[in-house]
Amino acid sequence: MRSAAGDLGRPGIVMISPVRMTTNPAPAQTRTFLTVTVKSEGAPTLAGSSEKLYCVFAIQTGHFPKPSASATWEGEIEAKETGTYHFKLHYAGYTKVFVNNEEIIPERWRAAWNPNDYKATADLEKGKRYPIRIEWLPDGDVSYIGLKVLSPLPEEERERLAFWSEMGDDIDYYFINGESSMDKVISGYRTVTGKSQIMPKWAMGFWLSRERYKTQEELLTALNEYRRRQVPLDVIVQDWSYWPVDAWGSHEFDKERFPDPKGMIREIHDKDARIMISVWPKFYYTTEHYKELDALGAMYQQAIKDSIRDWIYPGYIGSFYDAYNPEARKLFWEQMNEHLYSLGIDAWWMDASEPNVQDNTDIEYRKALCGPTYLGPSTKYFNAYALENAEAIYDGQRSVNPDDRVFLLTRSGFAGQQRYSTATWSGDIGTRWEDMKAQISAGLNFAMSGIPYWTMDIGGFSVENRYMAAKEGSEDLREWRELNNRWYQFGAFCPLFRSHGQYPCREIYNIAPEGSPTYQSMKYYTELRYQLMPYIYSLASKTHFEDYTIMRAMVMDYSNDEKTYDIDDQFMFGPAFMACPVHKYKAR
């Protein structure tokens, strides 16, 4: 953890009173990765060293009883200088932070296995003591909590931009003259990094997905229900774990749960729908595909050497292939072609493409797990994995069927991915109103980076327990339905319109009964999407022929109006529609 101390900002904050931690009930087991030793006469120090830290920072995991375990930290901090201090919270479960008895971070929630970060500020005066309190409900048997404080920086330092590389040889700068037009800047960017491909028309329709359809019967039943209810749908998605439990990476369907995958896909096509399937760049070391890639020297070995077992009971050992190796990319596609594309699969969901060999690991171990690569150390080529993985599928499918348009959805992105007909989604987001609002600015910033196709899990992926347990007539169920309804309204005006998430099931009829206001509204906005299809598909063509951006921050079209510079919850959907998603419960 010594490396973490190097980026904590300037000295300026001292915890001067002992931290009091209370737990109710006490966790069965707690591991503290970083301990702050408090001394009234000086700054906190890193446990086991004399290195001073100018922050409040404690990360813990533990095995907590569910759902009532809680912890509270209380203490005082003293500022060594006057100014605005920045607090960075790393959290899972339910968390609040108070400074000077004011709530600077309102309740945030994240699934215990999937921590997140949140930032806040507080103005502090030199020499003054302030009470600080952190309230935490872990909401899981293993959870995460941490708080870092950065002291004030002078205005001129805050406005500086610096580039630093751990292993870069040099930096090439490209200047793109947009002539006061953001569209021209993006056009220049795509001239450098590659043209956006035209997505299939069906990709502009509605995508139905959940985590996950466990059987062939479940998937076909959902599709048949949409057709029976006359709710439009273009793509149904088969998420992970359709393979035998001990054969991740085999690309084979489990015969007991999916007895006739080719017949299943034929029935999907007969009902005028398409199927996207999840394919990870991950292989259990016992599979033939692992052995074939390993023979090329194209399997990352650290996870195998360390016997890392994944979360599938009882735990299996595997690793990821080296997408930087051109021969491995060809072989990866050949394996997909033989076992999946030959069945009639239409689109590819390339999950965990960071690559995420193991969740919640520090950066040094992540680099060890992801290398060395064919091109060199993972430190040098760490971030481009998703691009190389996308190239494998795009080039592979085009080599087999050059007249078939390619669609890829990837969890991680990189500059230039648009040339491989690749979209990115925003990952395993939470099911809170603040999570929905965050998707608006996330989508706008992603689009302004030059990549036109972005999507999200409508309704959020990770679900609060209160929604999973909600009963008919309860306030929680009313809120769940309204949240999904508002999210559908927002999603209908995004480049891709896709619902996905964990239980409760995400089919429209599982969210609300037919005839209810929620059901009728969700169906209406789905139908509206199809009424706009000629307009939307024309925008899709413009992304290729004119380097256009479909989801547009207000500043892109109204750059002369300074009021548009900071609008983060309103946007243009092409030139004709302004979208203003409602992101607050019971807002009318």
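Structure shown above.
Remember, it's a predicted structure, so these values are computed and weren't measured experimentally. (Residues numbered from 1 in each chain as written. Predicted model: local features only at pLDDT ≥ 70, side-chain atom pairs only at ≥ 80, totals over all residues. Heavy atoms only, no water.)

Asker: What am I meant to see in unusual backbone geometry here?
Answerer: Comment: phi is negative for the bulk of residues other than glycine, and the bulk of peptide bonds are trans. With an omega dihedral of 0 degrees, the bond running from E211 to R212 counts as a cis peptide bond. Among the structural elements, R212 can be located in the loop between β13 (206–208) and α3 (216–229). With an omega dihedral of 5 degrees, the bond running from Y313 to P314 counts as a cis peptide bond. With respect to the helices and strands, the residue P314 is situated in the loop between α6 (302–305) and β17 (318–320). Within the chain, H251 stands out as a residue other than glycine whose phi angle is a positive 60 degrees. Structurally, H251 can be placed in the loop between β14 (235–238) and α4 (261–270). Residue N360 is not a glycine yet carries a positive backbone phi of 55 degrees. By secondary structure assignment, the location of N360 is in the loop between β18 (347–350) and α8 (363–369). (Helix = DSSP H or I, 4+ residues; strand = E, 2+ residues; numbered from the N terminus.)

Asker: In this structure, what is going on with the environment of Y488? I would like to understand it.
Answerer: Among the secondary structure elements, Y488 is positioned in helix α13 (residues 475–491). Overall, the relative accessible area of 1% leaves Y488 in the buried class. Between the C-alpha atom of Y488 and that of P581, which follows or precedes it by 93 residues, the distance is 9.6 Å. (Buried < 20%, exposed > 50% of the residue type's maximum accessible area, 1.4 Å probe, protein only.)

Asker: Got a minute to help me understand a negative patch on the surface in this structure?
Answerer: On the surface, E252, E292, E334 and E338 cluster together into a patch of negative charge. Along the chain, E338 falls in helix α7 (residues 326–339). A relative accessible area of 56% means that E338 is categorised as exposed. (Patch = residues over 30% accessible without salt bridge, like charges linked within 9 Å, V, L, I, M, F, W, Y side chains within 5 Å. Areas by Shrake-Rupley, 256 points an atom, 1.4 Å probe, with all protein chains shown as cover. Salt bridge = Lys/Arg side-chain N within 4 Å of Asp/Glu carboxyl O. Lys, Arg positive; Asp, Glu negative; His and termini not counted. Charge placed at Lys NZ, Arg CZ, Asp CG, Glu CD.)

Asker: What is the right way to read the side chain of T549 from this model?
Answerer: Note on placement: T549 falls in the loop between α16 (533–545) and β23 (551–553). Setting aside anything within four residues of it in sequence, one finds T549 in contact with D183, I186, R190, A447 and M556. (Contact = heavy atoms within 4.5 Å.)

Asker: Honestly, the packing of aromatic side chains in this entry has me stumped. Any pointers?
Answerer: Describing an aromatic ring pair means giving the distance of the ring centres and the angle of the ring planes. Applying the stated criterion across every chain, the model contains 42 aromatic pairs. Aromatic side chains W207 and F407 sit 4.8 Å apart centroid to centroid with 40 degrees between the ring planes, which places their arrangement in the tilted category. Of this pair, W207 sits in strand β13 while F407 sits in the loop between α10 (385–400) and β19 (408–410), placing them 200 residues apart in sequence. By relative accessible area, which is 1% here, W207 ends up buried. What makes F407 buried here is its relative accessible area of 1%. Ring geometry for W280 and W311: centres 6.2 Å apart, planes at 50 degrees, overall tilted. Taken together, the positions of W280 in the loop between β15 (274–278) and β16 (282–284) and W311 in the loop between α6 and β17 put the pair 31 residues apart, joining distant regions of the chain. Each residue in the set W240, Y242, W243, W248, F253, F258, W280, Y284, W311 and Y316 is aromatic and connected to the rest through ring pairs, giving one cluster. The ring of W240 carries R212 above its face, with NZ or CZ at 5.4 Å from the centroid. A cation over an aromatic ring shows up here: R498 above the ring of W349, its NZ or CZ 5.4 Å from the ring centre. (Phe/Tyr/Trp six-rings, centres within 6.5 Å; stacked < 30°, edge-to-face > 60°. Lys NZ or Arg CZ within 6 Å of the ring centre and 35° of its normal.)

Asker: Mind showing me how you'd approach the sheet that holds strand β20 (residues 422–425) here?
Answerer: Remark on secondary structure: sheet strands pair via backbone hydrogen bonds, oriented parallel or antiparallel. Judged by pairing direction, the sheet is parallel, and its eight strands sit side by side in the order β21-β20-β19-β18-β15-β14-β13-β22 without closing on themselves. One side of each edge strand has no neighbouring strand; the edge strands of this open sheet are β21 (454–455) and β22 (497–499). Relative to β14, β13 is paired through two bridges, and the arrangement is parallel. Residue pairing in the sheet places L208 in a bridge with I236 of β14. In the packing of α3 onto the sheet, the strands contacted are β13, β14 and β15, and the crossing angle to β14 comes to about 165 degrees. (Pairing = 2+ DSSP bridges. Axes fitted to C-alpha atoms, helices over the stretch in contact; angles between N-to-C directions.)

Asker: Teacher, can you tell me more about the pattern of salt bridges here?
Answerer: A side chain with one charge may pair with a side chain of the opposite charge, provided their charged atoms come close. Counted by the stated rule, this structure contains 38 salt bridges. Among the salt bridges present, the one from R210 reaches E507, with a minimum N-O distance of 3.0 Å. Of this pair, R210 sits in the loop between β13 and α3 while E507 sits in the loop between β22 and α14 (508–511), and the two are 297 residues apart along the sequence. You can call R210 buried: its relative accessible area is 12%. Judged by its relative accessible area of 0%, E507 falls in the buried class. Here K437 and D568 are joined by a salt bridge, their closest N and O atoms 3.3 Å apart. In this pair, K437 is assigned in helix α11 (residues 433–448) and D568 in the loop between α17 (554–557) and β24 (571–573), connecting sequence segments 131 residues apart. Exposure remark for K437: the relative accessible area of 27% places this residue in the partly exposed category. Salt bridges here are not isolated pairs; linked through shared partners, they connect E107, R432, E434, E464, R466, D476 and E479.

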